[in-house]
Amino acid sequence: MEAVDRKLTTDILVVGAGIAGLQAALDLADRGYSVLVVDRQPSIGGKMIALSKVFPTMDCSSCITTPRMSAVAHHDSITTWTYTEVDRIEPDGDGFRAHLTRKARYVDEDLCIGCRLCEYACPVELPHEFEGNMGARRAAYVPFGTAIPQTALIDIEACVYCGKCEKACPTDAIVWDQQPLGVELRARAVVLATGYQTTALDAKKEYSGGKAANVIGGLDMERLLAPNGPYGRVLRPSDGKIPDNVAYVQCAGSRDESLGVPYCSRVCCMYAIKQAMLLSGALPLADITVYYMDIRAFGKGYEQFFQTARSMGIVFVKAKVARIDEEPNGDLRLRVEMIEEDGRVAEPVHDLVVLSVGLKPGDDPRRFVGVDLDEYGFVASPQAKLDTTLTSLPGVVAAGAAIGPKDIVDSIVEASAAATKVAMRLGPPAVSPAPPDDGLDVEVSNIDAGEAVAIAGPAEVQHA
Amino acid sequence: MAVQPAGEQSTRMLIIATLLCSYPGIDATGQAHMEYPPNTFVIPTPDPVVFPESFYLYCFEKGVDGILIASCGTDSPYEGSYEQLAARINNVYAAMKERGISIRRLKLTAICSVCTKAFLKEVAEMEAVLAELGPVEGEMKAAVA
Amino acid sequence: MPERKARPARKTGASAPRPKTTTGKPHEALGEKVGVYVCHCGGNISDVVDVDSVATEAEKMPGVAVARHVMFMCSDEGQKTIVEDIEKLGLDRVVVAACTPKLHEATFRRAVIRGGMNPYLFWPANIREQASWAHPHSPRAATEKATALIRAAVAKSRLLEPLDMVRVAAVHRALVIGGGVAGLRAALDLARQGMGVTLVEGSPFLGGRSVQLHTVFPTEEEARPLVHGLIDRVKAEPNVTVLTNTEVVAVKGYVGDFKATVRTTPRGVSEELADPAAAIAACPVKVASEFDGGLGERRAIYQPYPGSEPDLPAIDWTACTRCGDCVAAGGGKGIDLQGKPRETEVEAGAIVVATGFDHYEPRQGEYGYGQSPRVLTLPQVHRLLDPQGPTGGRLEIEGRVPRAIAFIHCVGSRQIDGVDEPGPDGKLHEYCSRVCCTATLQAANEIRTRYPKTAVYDLYRDIRTYGRDQEQYYVDASKRGVVFLRFTSETRPSVEVAPETAREGNLPLRVKVTDTLTFGAEMEVPVDLVVLSVGVQPRDVAGLIDMTKAPVGSDGFLLEVHPKLRPVESAIPGLLLAGAAQAPMDITEATSAASAAAAKVTNLLARDHVEMEPFVARVNPSLCDGCGDCVEACHYAGAIALQDIEVEEGVIEKRAYVNPVACKGCGACVPACPTAAIDVAGWEIEQYRAMIDAITAVPLTAGAAK
């Protein structure tokens, strides 16, 4: 079923459209290279588009991510393919041959105008992964409000084939027999920006994650705190009660040999402090306690952010939480040693617990490309000190959480650094980018299509 | 957020929206099909700091009954502009008082790019003010210089 | 009109502002043939808004040549309609009423270009997100609103002028200030992309702080060979000019065209010096060696280590007495004590600031510093552990290996008002210095491995081994028997220099701490070496900051435009930040930042021009009276200035002039001007007024919410 339908070329293939991938793509495209960005999700934006606010500036995450997403979508030299998997990337001469699969949305991307009439008509509801499974979506759906492209897709596993979406669609965009499209692509360089996934909520059995309803993960709380989240406010999952005694459990997926994650995940101290501060705004009467091993507020402005949180009355308790048990009313009983007091074992009860889960590699790049990884699955560099974005395969660079847990600012720096490495290798782009008012338009196609193109030229990402 | 009840549309609200923050936020409100009254007119700008006092007075003179400045607040990408804007609005309030225009007709607020609920709330509050005060015509004493 | 002398040519394509009326009166429209396109959006608009009647109304609006309603304006069909109408009907402005411009403004601007029209003569109206989708149950009101929004867009479009991107000719050279790892990385990355680079380093030697280390974490590679590998690659680049002993003394210009004056102090030593070692040994002057953190001595003619870059001694002119003893000892040639500094001009399109950091110097008496030779800083201990250091790598104080060492973290970092004393600059260092926890544990591990009989105590607040492979140092230290003691934000350890205990057991220092790991027990730790893990602080580059107007944060480090999104760019276009000048960071982070800065530089300069959006302020010199209020209102250094202009024959007056490259287009200057002489191109006050006129032109229909 892997019919190879297209043969295309591009200068750079960027795998992953989170903030690192987007930044690398923009830097390279601004330089004049042609860039193809692919992401397995139906929208670009990675994890960052799902966050509420970012530390330490407290910018609204969506407000700073969407301009980047938009810039990528509109850039003359960038083509973006979402809902696309990378199957393999192999060296080929001084470049690479890549095989990608554009998964079937069952919607014609060129015809869809993102009006959502299919979504409103669809009778099937299921938990929305984007909302931490706390909100619902339909089987036919547009991924989320700020998604780019604003294009619908059908979760065919959940679809009941009632045809209501098809009837509702004003542009006849539903395609029931859409096939995954195999694409063979030649690229001169590759950027791996495959990001992270969080460690499992239930990784540490002692913490009742996955069993107790009111033990949630860090990204789940982001959605509760986001202005466009599933409930529009912070509620606890079991009964919708507004929490008034929230606990953060740090290192709930890191610095723990028993979980196979002995390393530090770098961002969890900061995201917990940030969330705690947002909670004190959203729930002014709530008590918020952070149980920690070390507070790692190491970046620019981070320590000051931490001290501000302390002064706001957020309580920081040095303690490695030993266990979390669910009470009959949904509350959680923690077990901790009060090191900073008299060392007694205490069992504080909280009504909502956030596990500060850690970061693992978002993907195993070795599935599709022969780069060395470290023992934890992050991409390794042969020159780790002076050139961290290189990989063991010349012409393939990596950036962001793919090479280790990373916050947004460090991911952005690495993405630009990776762009430089690519430019150093490739030499100046073939076509100098023309000034925009020369009337030069999509004739200068960066995707050299073999035959008539269903994929429109680089500027025409359809998202009405 | 309840839909405004059908009724007389006798007043007009101008919403000054910023390209970076509130314009996308108002878009998001529409995208989510969240309803608000149709007597609202959005004027986009890179930053509301650009408007002299005379502009706001001009609006009232021409028959704009209420103005909501949906700024970026302290998230403004332009150095120092929010503080300058706030100071200028104070000047506008003084000028409005002189002309007998209720200062409740002008509000400075901050709306971010996903602040749909906050936007609806601000619009509803200003609608309530306009419903109470009626058209600005009734209050205008002097012509704009 | 009297003849005028030509003004200095502006390096911009932005057209000069046309004469304006004074406030209030609407200006004569420029656009006479507007094409209006109302999109159905496949029903998303047309199901609520009566697009047919809207188009009919639009055609009646003043200045409108044609108004159409089209199923999908964003489609190829829709765009072609625009192109054809421009060509066939001679349209001079285009308005598209459709979905939010955030989606398709770029699309329609490009369509307009294809029709041969300037893209800035297009204006959108948002009648989907702002009309049909927001007022689905009020079709009549939504239709009226859409019509009003289109009337406003038409009115605005008629007042738009064609604009050109602001272009500055770009010099293909970067000036990199600082020859440490960040500066070297930036220089190499730029050169390898074909950019010319001038790298200036203030000291006589390249390598910065990194070459003072023996090994680097976490790879445990040797620092100097690592850095010299980078240096060799930089030297091999024909496009790079390296100037050591060189400082920047003046900076003029702006992005694309900076002119910097640099002053090179003579080295005093050339390759002709036959016997450098003898020349150095002959020098009678001895000063503390800054390379060795003050622990060792050097001469006035010196070289920090064999194989330094350049591999030549240099003369420290502040110490040198010009006695000339080195000359004869060195073989008679190669030393010139009479040289004078020389200045050169460097032209560059961009500047990368990589001036690095200094270590925090503890106050006299801080934890006993300066009161005992047994209280040292971590950088000093690094020198003692270094085989090329002052003790040949032997950790010895007063000739003996310490028996017990206490490290104290966060000295000069994470300072808290009321708990810590501000430094000599009067400031508290509230920030975390990021690298010291890992560096401390690396040293602790090395000491426990090499000197197993030496006890090591680590007094910390939080262990911040956050980075890749860094946690391992903490685990290993623990396994190697380092004893950890923890103090809080509000308490500090104290160090007593207690010579009487020396009689008892030769442990002359007593460290006291309230240890939270043992539930607040008061611990007394006798040691014979205290190592202060000092933080970093930005190097004093006040002169450079003054010259470039580079913004500085409240923590004293150079300030980036946006802390999350644009970490290597400063608010000054063309001035980039690389490395520890911007924030504490380790070698890997600094080199990544340098490579990132290189990306920004090449994107700015790679074409022949630097291009920027034309939405910048413009001054009408015939209305301007040179009062300078706009300059005061502007927050961006160099964006507006008063210039002498010959307004008529022989009459020179001041007028405001906007540097379109530095202007951000925020408009803060506009309301400040008492004569309405300044406005933002494309976002002019009269255009806003025209929109207000349009919106209020038609009275609201009462009861329209149906």
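In this numbering scheme, every chain counts its residues from 1 along its sequence in written order. To read the labels, note that chains go from A and ligands from 1, taken in the order they are written. Local features in this predicted model are restricted to residues of pLDDT 70 or higher, and side-chain atom pairs are both shown and tallied only at a pLDDT of 80 or more, whereas totals for entire chains, interfaces and linings draw on every residue. As a rule here, side-chain values come from all non-hydrogen atoms in the structure, and water together with hydrogens is ignored.

Helix numbers and strand numbers start at the N terminus; a helix is a DSSP run of H or I with at least 4 residues, a strand a run of E with at least 2. A count of helices and strands for chain C gives 17 helices and 32 strands. Taking 2.2 N^0.38 as the reference for a compact globule, 706 residues should give roughly 27 Å; the C-alpha atoms of chain C span a radius of gyration of 34 Å, well beyond that estimate. With the C-alpha coordinates aligned to their principal axes, the bounding extent of chain C is approximately 105 × 65 × 45 Å. We call a residue buried when its accessible area falls under 20% of the maximum for its residue type, exposed when it is over 50%, and partly exposed in between, using a 1.4 Å probe and counting protein chains only. The buried share of chain C, reckoned over its 706 residues, is 59%. Radius of gyration means the value over C-alpha atoms here, while the globule rule gives 2.2 Å times the residue count to the 0.38 power.

In this section: the interface of chain B and chain A. Reports of interface size often rely on the accessible area that becomes lost once the parts have come together. Note on contacts: a residue pair qualifies if any of its non-hydrogen atoms lie within 4.5 Å across the two residues. With eight residues of chain B at the contact, the number on the chain A side is eleven residues. Defined here as a combined quantity, buried area equals the accessible surface (1.4 Å probe) lost by two parts on assembly, summed across both. Taken together, the two surfaces of chain B and chain A that pack against each other cover about 800 Å², and 52% of this comes from carbon and sulfur. Pairs of N or O atoms are called polar contacts if they sit within 3.5 Å, as long as, within protein, a hydrogen donor faces a hydrogen acceptor (for residues adjacent in sequence, only side-chain-to-side-chain pairs). Along the contact surface separating chain B from chain A lie one residue pair in polar contact (both at pLDDT 80 or more). Its residues placed into classes, the side of chain B that touches chain A shows three nonpolar, three polar and two charged. Residues are grouped as follows: nonpolar covers Ala, Val, Leu, Ile, Met, Phe, Trp, Tyr, Cys and Pro; charged covers Asp, Glu, Lys and Arg; every other residue, Gly included, is treated as polar.

All names here are of chain C. Strand order in the open sheet formed by three strands is E22-E23-E24, and the pairing between neighbours is antiparallel. The open sheet is flanked by strand E22 (494–497) and strand E24 (521–527), the only strands paired with a single partner. Strand-to-strand twist in this sheet, taken as the mean axis angle between neighbours without regard to direction, amounts to 20°. Pairing between two strands requires that DSSP report at least two bridges joining them. Axes here mean lines fitted to C-alpha atoms, for a helix over just the part in contact, with angles spanning 0 to 180 degrees between N-to-C directions.

The end-to-end C-alpha separation of helix H3 (residues 101–114) of chain C is 19 Å, in line with the 20 Å expected for 14 residues at 1.5 Å each. Burial analysis of H3 of chain C places ten of its 14 residues in the buried class, the great majority of the element. Taken as a whole, H3 of chain C has its buried residues at Pro101, Leu103, His104, Thr107, Phe108, Arg109, Arg110, Ala111, Val112 and Ile113 of chain C. For H3 of chain C, the elements touching its buried residues are helix H2 (61–74) of chain A, helix H1 (22–31) of chain B together with helix H2 (76–89), strand E3 (93–98), strand E4 (122–126) and helix H4 (128–132) of chain C. Gly116 of chain C lies just past H3 of chain C and shows a positive phi near 90°. To estimate how far a helix should extend, the number of its residues minus one is multiplied by 1.5 Å.

Quick look at the state of the cysteines now. Residue and element names in this part refer to chain B. Throughout, a disulfide means two cysteine sulfur atoms within 2.5 Å of one another. A complete count under the given rule lists two disulfides over all chains for this structure. Disulfide pairing places Cys21 opposite Cys72 at an S-S distance of 2.2 Å. Taking the torsion about the sulfur-sulfur bond, which here is approximately 100°, the covalent link between Cys21 and Cys72 counts as right-handed. With a gap of 51 residues between them, Cys21 in the loop between strand E1 (13–18) and H1 and Cys72 in the loop between strand E3 (66–71) and helix H3 (81–98) connect regions that are remote in the sequence. With respect to burial, Cys21 and Cys72 carry one shared label: buried. Across a sulfur-sulfur distance of 2.3 Å, Cys112 and Cys115 are joined as a disulfide pair. On the sign convention where negative is left-handed, the bridge of Cys112 and Cys115, at about 105° about the S-S bond, is right-handed. For Cys112, a relative accessible area of 12% translates into the label buried.

This part covers the interface of chain A and chain C. On the chain C side, the residues contacting the 80 residues of chain A number 84 residues. Summed over both partners, the interface of chain A with chain C buries about 6,800 Å², with 51% contributed by carbon and sulfur atoms. Per-residue buried area on chain A facing chain C is highest for Lys300, Lys385 and Leu386 of chain A; these three make up 14% of the total on that side. In the sections that follow, a salt bridge refers to a side-chain nitrogen of Lys or Arg positioned within 4 Å of a carboxyl oxygen of Asp or Glu. At the boundary of chain A with chain C, the tally comes to 14 salt bridges. Taken together, chain A and chain C are joined by 38 residue pairs in polar contact (both at pLDDT 80 or more). Sorting the residues of the side of chain A that touches chain C by element identifies helix H1 (19–31), H2, helix H7 (302–311) and helix H8 (408–426) of chain A as the ones contributing at least two each. Broken down by element, the residue count for the side of chain A that touches chain C peaks at twelve residues, all from H8 of chain A.

Turning to helix H15 (residues 587–605) of chain C, a few remarks are in order. All names here are of chain C. With 19 residues, H15 ought to run about 27 Å at 1.5 Å a step, and its terminal C-alpha atoms sit 27 Å apart, in line with that. For H15, the tally of buried residues reaches 18 of 19 residues, placing the bulk of the element in the interior. The opening residue of H15 is Asp586, an N-cap whose side-chain oxygen sits 3.1 Å from the backbone nitrogen of Thr588.

Residues and elements named next belong to chain C. Relative to each other, helix H6 (residues 181–191) and H15 sit at 35°, their axes nearing to 8 Å. The way H6 lies across H15 gives a crossing that is right-handed. Of H15, the residues touching H6 (which contributes Val181, Ala182, Arg185, Ala186, Asp189 and Leu190) are Ile587, Ala590, Thr591, Ala594, Ser595, Ala598, Val601 and Thr602. For the contact of H6 with H15, the class distribution of residues is nine nonpolar, three polar and two charged. What makes a crossing left-handed is the near helix being turned counterclockwise from the far one by less than a right angle; a clockwise turn instead makes it right-handed.

The start and end points of each domain follow an automatic or database-based domain assignment. Looking at the assigned domains, one finds that chain C contains domain 1 (34–163), domain 2 (173–265 + 342–356 + 541–609), domain 3 (276–329), domain 4 (358–537) and domain 5 (617–681). Each of domain 4 of chain C and domain 5 of chain C has a C-alpha centre, and these two points are 56 Å apart.

Turning our attention to the pattern of salt bridges. Oppositely charged side chains are able to pair whenever their charged atoms sit close together. Residue and element names in this part refer to chain A. Considering all chains together, one arrives at 86 salt bridges over all chains under this definition. In this structure, the salt-bridge partner of Arg223 is Glu131, at a minimum N-O distance of 2.8 Å. Placement of Arg223 in helix H5 (residues 218–225) and of Glu131 in the loop between strand E8 (125–128) and strand E9 (135–138) is noted, with a sequence separation of 92 residues between them. Glu131 matches Arg223 in its accessibility class, with the two residues each being buried.

Okay, unusual backbone geometry next. In most cases, non-glycine residues show a negative phi, while peptide bonds are predominantly trans. In this structure, the amide linkage connecting Phe55 of chain A to the following residue, Pro56 of chain A, adopts the cis form with an omega of -10°. You can see Pro56 of chain A is positioned in the loop between strand E3 (53–54) and strand E4 (59–60). Along the chain, Glu309 of chain C connects to Pro310 of chain C via a cis peptide bond; the corresponding omega equals -5°. Mapping Pro310 of chain C onto the fold places it in the loop between strand E13 (301–302) and strand E14 (314–315). You will see that Asp172 of chain A, though not glycine, has its phi angle at about 55°, which is positive. Mapped onto the secondary structure, Asp172 of chain A falls in the loop between helix H4 (164–168) and strand E12 (181–192). You can call Asp172 of chain A exposed: its relative accessible area is 60%.

All names here are of chain C. The interhelical angle for the contact between H6 and helix H7 (residues 223–235), taken along N-to-C directions, is 35°, at an axis separation of 9 Å. By crossing handedness, the relation of H6 to H7 is classed as left-handed. Contacts between H6 and H7 involve Val181, Leu184, Arg185, Ala187 and Leu188 on the former and, on the latter, Val227, Leu230, Ile231, Arg233 and Val234. Of the residues belonging to the contact of H6 with H7, the class tally is eight nonpolar, no polar and two charged.

A word on the packing of aromatic side chains. Stacked, edge-to-face and tilted labels apply to pairs of Phe, Tyr and Trp rings (six-membered ring for Trp) whose centres lie within 6.5 Å, assigned for plane angles under 30 degrees, over 60, and everything in between, in that order. Overall, the coordinates contain 25 aromatic pairs over all chains when judged by the stated rule. Ring centres of Phe55 of chain B and Tyr56 of chain B lie 6.0 Å apart, and the angle between their planes is 75°; this geometry places the pair in the edge-to-face category. Assigned by exposure class, Phe55 of chain B and Tyr56 of chain B land together as buried. Geometrically, the ring pair formed by Phe205 of chain C and Tyr302 of chain C is edge-to-face, given 5.7 Å between the ring centres and 65° between the ring planes. Taken as a pair, Phe205 of chain C in the loop between strand E7 (196–200) and H7 and Tyr302 of chain C in strand E13 lie far apart in primary sequence, 97 residues in all. For Tyr302 of chain C, a relative accessible area of 14% gives the class buried. A connected cluster of aromatic rings, assembled from ring pairs, spans Phe51, Phe55 and Tyr56 of chain B together with Tyr120, Trp123, Phe615, Trp683 and Tyr688 of chain C. The side chain of Lys156 of chain C reaches across the aromatic face of Tyr688 of chain C, ending 5.5 Å from its centre. Only lysine NZ and arginine CZ atoms are considered, and such an atom sits over a ring when it is within 6 Å of the ring centre and within 35 degrees of the ring normal.

This part takes up the side chain of Arg105 of chain B. All names here are of chain B. Mapped onto the elements of the fold, Arg105 is located in the loop between H3 and strand E4 (106–110). Classification of Arg105 as buried rests on a relative accessible area of 0%. A polar side-chain atom of Arg105 sits 3.5 Å from the main-chain carbonyl oxygen of Pro135. When near neighbours in sequence (up to four residues on either side) are disregarded, Arg105 contacts Phe60, Asp65, Gly66, Ile67, Met96, Met126, Leu130, Leu133, Gly134, Pro135, Val136 and Glu139.

What follows is about the sheet that holds E3 of chain C. Strand pairing in a sheet relies on backbone hydrogen bonds, with the paired strands running either antiparallel or parallel. All names here are of chain C. In spatial order, the strands read E2-E1-E3-E4; together these four strands make up an open sheet with parallel pairing. The strands lining the two open edges of the sheet, one partner per strand, are strand E2 (64–70) and E4. Strand after strand, the sheet turns through a mean of 15° between neighbouring axes, direction not considered. Here strand E1 (residues 34–39) runs beside E2; their pairing, made up of six bridges, is parallel. Looking at the pairing, Val38 lines up with His69 of E2. Docked against the sheet, H3 engages E3 and E4, running at close to 150° with respect to E4.

Take the pairing of strand E20 (residues 455–460) of chain C next. Remember that side chains alternate between the two faces of the sheet whenever the strand is regular. Residues and elements named next belong to chain C. Across five bridges, the pairing between strand E19 (residues 404–411) and E20 is parallel. Considered in E20, the bridge of Ala404 is made with Ala455. Between the parallel pair E19 and E20, the chain is carried across by helix H11 (residues 436–450), and the sense of this crossover is right-handed. Bridge analysis of E20 against strand E21 (residues 483–486) gives four bridges, and the strand direction is parallel. Its bridge partner lying in E21, Tyr460 is registered against Arg486. By definition, the crossover connecting two strands over a helix is right-handed if that path, from the first strand to the second, turns clockwise as seen with the strands pointing away from the viewer. At this point the chain moves from E20, through helix H12 (residues 471–479), to the parallel E21, and the crossover so formed is right-handed.

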